[in-house]
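Observations on the model geometry
Listed below, chain by chain, are the residues.
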Amino acid sequence: MKPNWFYILLSVSAAPRYGTAIQDDVRELSDGNVRLWPATLYGSLEELVEKQLLEEVPEEERPQEISGRERFYRITRMGRVALEAESSRMESLVRATRTRLALGES
Amino acid sequence: MTVSIYRLALHLLPAKLRIKHGASMEVLYLRELDRAREKGAAHVLMTSALGLADVMRRSVYELQRAAGLTINDFNGASNRSHQSQHLLPSVLHSPRDKRPMTNPNIPLPTPRQLLRQLTVTFVVALLLLTSALLYVFGSRQLSQLKSVGDVATALLLATPFTAAMTIPMAVFVAVIVVFARLGKTERSTPRSDSRMVFAHSRRRQCGPPPVLQYLHSL
């Protein structure tokens, strides 16, 4: 999975968010290492919607406290499955790396 | 000025994406510029260039995606792990992915629309290429020129020549971009709707050209 996709899915996994909020959240999640530029962010959002990993929140279901024309996105069930699959892949990779590094030290 | 260039550059992106998210992209870009302003002029320059580069990169990616050249990174990643391959939903390989991305009922653009697309892409490409060349020229001459006025004069004098040099390249870029988009539209349009294909099929129905008919009759 592309890092951008992973971070976007991770960002919306807890609650629905809109573009600017996703950008800020991704920056925070990655300790400032991942900076989603506008075209990449919105292009990726569209792509994820096409892949049915994200969906746009209908206007009537949008959070009340936000007034504006922002489009909110939330993760789908498939998106959640994909995110879990990717995180377990990363987990096993980290485990393997640590095992190999430990073998090298001993 | 920077925002106007950015707005123009957004025309390189597919119309669907631009219409839906163009305004939000501009807002986000402005926000990035505001943040950069706090750090100084150099940061503003860098941020504006990076924002434009992002649009260019995305437009190339979208063209590749439309042409079906993009490798599905998701599947690539899944192949590395049997576990994730097992867990991945079938949606990533669903028939929906194989369908054309655009509406098959979209008609081909009229010559006027085509000319407009060409003009916009040409202007964006010309501005970007000229700016890049002027930047290179300016950075080389900077050590020899003493005052800011000298630099401004040199850049002003160099601009027409640089622009003249970049015109052919900008035309080339515009034609490539617009026709790549057109190709994408034509692929996803029913063949009977395509005027070009219609002309070909009509020629086929009418048989070989008269010269060949005459030669066959001999």
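About the thresholds
Residues numbered from 1 in each chain as written. Chains lettered and ligands numbered in written order. Predicted model: local features only at pLDDT ≥ 70, side-chain atom pairs only at ≥ 80, totals over all residues. Heavy atoms only, no water. pLDDT = per-residue confidence, 0-100. Helix = DSSP H or I, 4+ residues; strand = E, 2+ residues; numbered from the N terminus. Contact = heavy atoms within 4.5 Å. Pairing = 2+ DSSP bridges. Salt bridge = Lys/Arg side-chain N within 4 Å of Asp/Glu carboxyl O. Buried < 20%, exposed > 50% of the residue type's maximum accessible area, 1.4 Å probe, protein only. Phe/Tyr/Trp six-rings, centres within 6.5 Å; stacked < 30°, edge-to-face > 60°. Expected span 1.5 Å × (residues − 1). Patch = residues over 30% accessible without salt bridge, like charges linked within 9 Å, V, L, I, M, F, W, Y side chains within 5 Å. Areas by Shrake-Rupley, 256 points an atom, 1.4 Å probe, with all protein chains shown as cover. Core = buried A, V, L, I, M, F, W, Y, C linked by side-chain atoms within 4.5 Å.

This next bit is on the confidence of the model for chain B. All names here are of chain B. Residues with a pLDDT of 70 or more make up 64% of chain B, whose mean pLDDT is 71. At the low end of the mean pLDDT range in chain B sits helix H5 (residues 82-87), at 42; at the high end sits helix H2 (residues 15-37), at 90. Counted against residues more than four places away or in other chains, residues 190-206, with its pLDDT under 50, gives ten contacts. The ipTM value of the predicted complex is 0.83, and its pTM value is 0.56.

This paragraph deals with the sheet that holds strand E2 (residues 54-56) of chain A. All names here are of chain A. The strand order across the open sheet formed by three strands is E1-E3-E2, and the pairing between neighbours is antiparallel. In this open sheet, the two strands that pair with only one neighbour each are strand E1 (17-18) and E2. With three bridges connecting them, E2 and strand E3 (residues 72-75) associate as antiparallel partners. For Leu 54, the partnering residue across the bridge sits in E3 and is Ile 75.

As a further point, take the pattern of salt bridges. Pairing of side chains with opposite charge becomes possible as their charged atoms draw close. Evaluated as defined, the whole model comprises 20 salt bridges over all chains. A:Arg27 serves as the salt-bridge partner of B:Glu32, at 3.0 Å between the closest nitrogen and oxygen. One end of the pair, B:Glu32, is in helix H2; the other, A:Arg27, is in helix H2 (residues 19-29), on a second chain. Assessed through its relative accessible area of 23%, A:Arg27 is described here as partly exposed. Here B:Lys20 and A:Glu46 are joined by a salt bridge, their closest N and O atoms 2.8 Å apart.

What follows deals with the packing of aromatic side chains. Residue and element names in this part refer to chain A. In total, this model carries three aromatic pairs over all chains according to the counting rule given. Judged by centre distance (6.1 Å) and plane angle (75°), the rings of Phe 6 and Tyr 7 are edge-to-face. Exposure remark for Phe 6: the relative accessible area of 13% places this residue in the buried category.

Another aspect to go through is helix H4 (residues 77-105) of chain A. Over its 29 residues, H4(A) runs 42 Å from end to end, which matches the ideal 42 Å to within 8%, given 1.5 Å per residue. Buried within H4(A) we find A:Gly79, A:Ala82, A:Leu83, A:Ala85, A:Glu86, A:Ser88 and A:Arg89.

The pairing of E1(A) with E3(A) spans two bridges and is antiparallel. Residue pairing across strands places A:Arg17 opposite A:Tyr73, the latter belonging to E3(A).

For the rest of this paragraph, the subject is a nonpolar patch on the surface. A cluster of nonpolar side chains, B:Ile167, B:Val171, B:Val175 and B:Phe179, forms an exposed patch at the surface whose accessible area comes to about 310 Å². As for its placement among the helices and strands, B:Val175 is situated in helix H8 (residues 148-187).

Checked against the element boundaries, A:Ala21 lands in helix H2. Put simply, A:Ala21 and A:Ser11 are ten residues apart on the chain and 8.9 Å apart in space, counted from C-alpha to C-alpha.

Of all hydrophobic cores here, the largest spans 37 residues; its most connected members are A:Ile8, A:Leu9, A:Leu41, A:Leu45, A:Leu54 and B:Met25. Mapped by element, the contributors of at least two residues to this core are helix H1 (3-14), H2, helix H3 (38-50), E3 and H4 of chain A together with helix H1 (2-9), H2 and helix H3 (41-66) of chain B. Considering every element that reaches this core, the biggest residue donor is H2(B), with six residues. Residue contacts for A:Leu41: discarding those within four places in its chain leaves A:Ile8, A:Gly19, A:Ile22, A:Gln23, A:Leu36 and B:Leu28.

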